[in-house]
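Each chain is listed here by its residues.
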Amino acid sequence: MLNLRLIRWLIPVGLVLVVALAQAADTGLRTQAQAIFKPLPKDMAGPDSPLTPAQVKLGRMLYFETRASVDGTVSCARCHQPALFGTDALPKAIGAEHRPNPRNAPTVLNAAIQFVQHWRGDRTSVEDQATKALVAPPSFGNPTYDNAMLKLKVIPGYSALFAQAFPGQADPVTADNWGKVIGAYMRTLVTPSPFDAFLAGDDRALSPAAQAGLRTFIQVGCVGCHNGVGVGGGMYQKFGLVEDYWKATGSTSIDKGRFEVTHIPADMYVFKVPTLRNVAMTPPYFHDGSVATLPAAVRVMARVQLGRRLTDGEIADIVAFLESLTGQLPHDFVTAPLLPAAAARP
């Protein structure tokens with residue numbers, strides 16, 4: 001038999017070995033994750049979308065500006081509220097003159113890293129989305145771009161701010177420049193999360209449950225679509241690869257998805273894969289807001305996309321991982337700016 005002195009020596013050695021093995025496993029999981037995902041950048045500026053302080057400042061103001069809408073009630077922030085992590089918590093957003101949107105309002109946080117905008121990919125960028133929202137009936141609802149810009153031109157202060165943002169332009173108050181400055185502001189809305197810290201090497205950034213969830217997320221195949229810097233947002237995919245999505249979601253109407261844009265049969269029920277960053281804070285889920293909770297959404301996705309029936313434990317772990325994607329809100333998003341004083345002119 002081992003003597004007591006030897007046992008006392010072996011116990012701490014064994015504990016050290018257990019810790020070392022656990023750390024090695026974590027390192028292996030991180031290496032695997034680093035090959036699939038990427039950390040968020042400092043901002044989302046691009047070669048064709050540089051960020052200037054004057055444009056970001058004006059874009060932030062216009063993001064919260066309601067008076068450019070047809071009835072003076074709608075701003076970007078109405079459907080993409082800072083308090084709700086850039087969403088509105090409704091199944092489908094409500095726009096100008098109480099018109100319902102056909103789909104759920106996705107978060108604007110980290111939106112610029114996605115390869116297209118909108119569920120059907122009918123907007124090429126955040127700038128394109130901001131511009132076209134001015135005349136979209138369920139958004140700002142203006143009859144023309146000129147009508148929207150006239151509303152801004154009669155508000156004291158905006159002409160000077162546009163001139164600062166676009167020096168040298170004879171008439172800078174244009175719909176195109178509206179889109180550019182709001183896009184510039186949106187490209188600053190980056191929310192680094194504990195998962196980014198984990199990717200960078202912080203062993204304590206993810207809880208054991210979140211690490212187990214990350215491992216399950218990889219092993220069951222979620223990463224086939226939800227990968228890259230956005231943990232999604234980089235491709236199109238049919239919703240309902242294994243079975244019709246509405247049978248699992250209980251959707252009251254069936255959306256044909258990208259098919260309505262392209263009229264290509266292969267695009268039937270195809271949607272942009274959404275980013276999962278901040279997903280724990282942005283219910284309800286899917287293009288029609290048909291699922292209210294994140295565990296239910298995970299269960300639906302496993303069923304209709306992967307043909308898997310996950311256990312309650314697997315779902316709980318995946319949700320713990322998804323919660324690690326919740327980031328810190330930018331200060332300039334949480335607080336609204338002061339706007340030039342003037343009455344709205346519908």
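Below is a summary of the structure that appears in this document. Every chain is numbered independently, its residues counted from 1 as its sequence is written. For a predicted model such as this one, the threshold for reporting local features is a pLDDT of at least 70, and the threshold for listing and counting side-chain atom pairs is 80 or more; totals across whole chains, interfaces and linings nevertheless cover every residue. Excluded from the side-chain calculations are hydrogens and water; all other atoms, namely the structure's heavy atoms, are used.

**Description of unusual backbone geometry**
1) Next: For the peptide bond that leads from Pro283 to Pro284, omega is 0 degrees, which places it in the cis range.
2) Next: Secondary structure counts use DSSP, requiring at least four H or I residues in a row for a helix and at least two E residues in a row for a strand, with both numbered from the N terminus. Topologically, Pro284 is positioned in the loop between β2 (270–272) and α12 (294–306).
3) Next: Of note, Glu97 is a non-glycine position whose phi angle comes to about 55 degrees, a positive value.
4) Next: Relative to the helices and strands, Glu97 resides in the loop between α3 (76–79) and α4 (126–133).
5) Next: The buried label goes to any residue with under 20% of its type's maximum accessible area, the exposed label to any with over 50%, and the partly exposed label to all in between, with areas taken from a 1.4 Å probe on protein chains only. Overall, Glu97 belongs to the partly exposed group, its relative accessible area being 40%.
6) Next: Although it is not a glycine, Val231 sits at a positive phi angle of roughly 50 degrees.
7) Next: By secondary structure assignment, the location of Val231 is in the loop between α9 (208–219) and β1 (236–238).

**Overview of the packing of aromatic side chains**
1) Next: Ring geometry is summarised as follows: Phe, Tyr and Trp rings, the Trp one being its six-membered ring, pair when their centres sit within 6.5 Å, and such pairs are stacked at plane angles under 30 degrees, edge-to-face over 60 and tilted between the two. On inspection of all chains with the given rule, the structure shows 15 aromatic pairs.
2) Next: Between the aromatic rings of Tyr63 and Tyr185, the centroid separation amounts to 5.5 Å while the plane-to-plane angle is 65 degrees, which identifies the pairing as edge-to-face. Here Tyr63, found in helix α2 (residues 53–63), pairs with Tyr185, found in helix α7 (residues 175–186); they are 122 residues apart in sequence, far enough to count as distant.
3) Next: Aromatic ring contacts, followed pair by pair, group Phe239, Tyr245, Trp246, Tyr269 and Phe286 into a single cluster.

**Here's the deal with the nonpolar core**
Side chains of a nonpolar character, in soluble globular proteins, are inclined to be buried together.
1) Next: What makes a nonpolar core is a set of buried Ala, Val, Leu, Ile, Met, Phe, Trp, Tyr and Cys residues whose side-chain atoms join them at distances within 4.5 Å. Leu62, Leu152, Tyr158 and Trp178 are the most contacted members of the largest nonpolar core, which has 44 residues in total.
2) Next: Of all the elements in the fold, those that place two or more residues in this core are α2, α3, α4, α5 (145–153), α6 (158–165) and α7.
3) Next: Discounting residues that sit within four places of it in the chain, Trp178 has contacts with Leu62, Ala68, Ala130, Thr131, Leu134, Phe140, Met149, Leu152 and Phe162.
4) Next: Counting 42 residues, the second largest nonpolar core, distinct from the first, contains Trp119, Leu199, Val220 and Trp246. Every residue pair with non-hydrogen atoms within 4.5 Å of one another is taken to be in contact.

**Comments concerning the environment of Thr107**
1) Next: Mapped onto the fold, Thr107 is located in the loop between α3 and α4.
2) Next: Among the residues examined, Thr107 registers a relative accessible area of 11% and is labelled buried.
3) Next: When the C-alpha atoms of Thr107 and Asn278 are compared, they prove to be 8.4 Å apart, with 171 residues separating the residues in sequence.
4) Next: Contacts of Thr107, omitting those with residues within four sequence positions, involve Phe85, Gly86, Thr87 and Thr282.
5) Next: Counting of polar contacts relies on pairs of N or O atoms within 3.5 Å, with two restrictions inside protein: one atom must be capable of donating a hydrogen and the other of accepting it, and residues adjacent in sequence are counted only when both atoms are side-chain atoms. Within the structure, Thr107 has its side chain in polar contact with the backbone oxygen of Phe85 (distance 2.7 Å).

**Brief notes about the environment of Thr52**
1) Next: Take Thr52: it is sitting in the loop between α1 (4–36) and α2.
2) Next: Residue Thr52 is classed as partly exposed on the basis of its relative accessible area, which comes to 31%.
3) Next: Counting along the chain gives 64 residues from Thr52 to Val116, while the straight-line C-alpha distance between them is 23 Å.

**Quick look at the packing of α9 against helix α13 (residues 312–323)**
1) Next: Between α9 and α13, the shortest axis-to-axis distance is 7 Å and the interhelical angle comes to 105 degrees. The angle between α9 and α13 places the two elements in the roughly perpendicular class. Each of Ala209, Ala210, Ala212, Gly213, Leu214, Thr216 and Phe217 in α9 lies in contact with α13, whose residues at this interface are Glu314, Asp317, Ile318, Ala320, Phe321 and Leu322.
2) Next: Each residue belonging to the contact of α9 with α13 can be placed in one class, and the counts come to 9 nonpolar, 2 polar and 2 charged. Here an angle of 0 to 180 degrees is reported between the N-to-C directions of two axes, which are lines fitted to C-alpha atoms, with helices fitted over the stretch in contact. Small angles under 35 degrees read as roughly parallel and large ones over 145 as roughly antiparallel, with 65 to 115 read as roughly perpendicular and the rest as oblique. Classification used: nonpolar for Ala, Val, Leu, Ile, Met, Phe, Trp, Tyr, Cys and Pro, charged for Asp, Glu, Lys and Arg, polar for all others including Gly.

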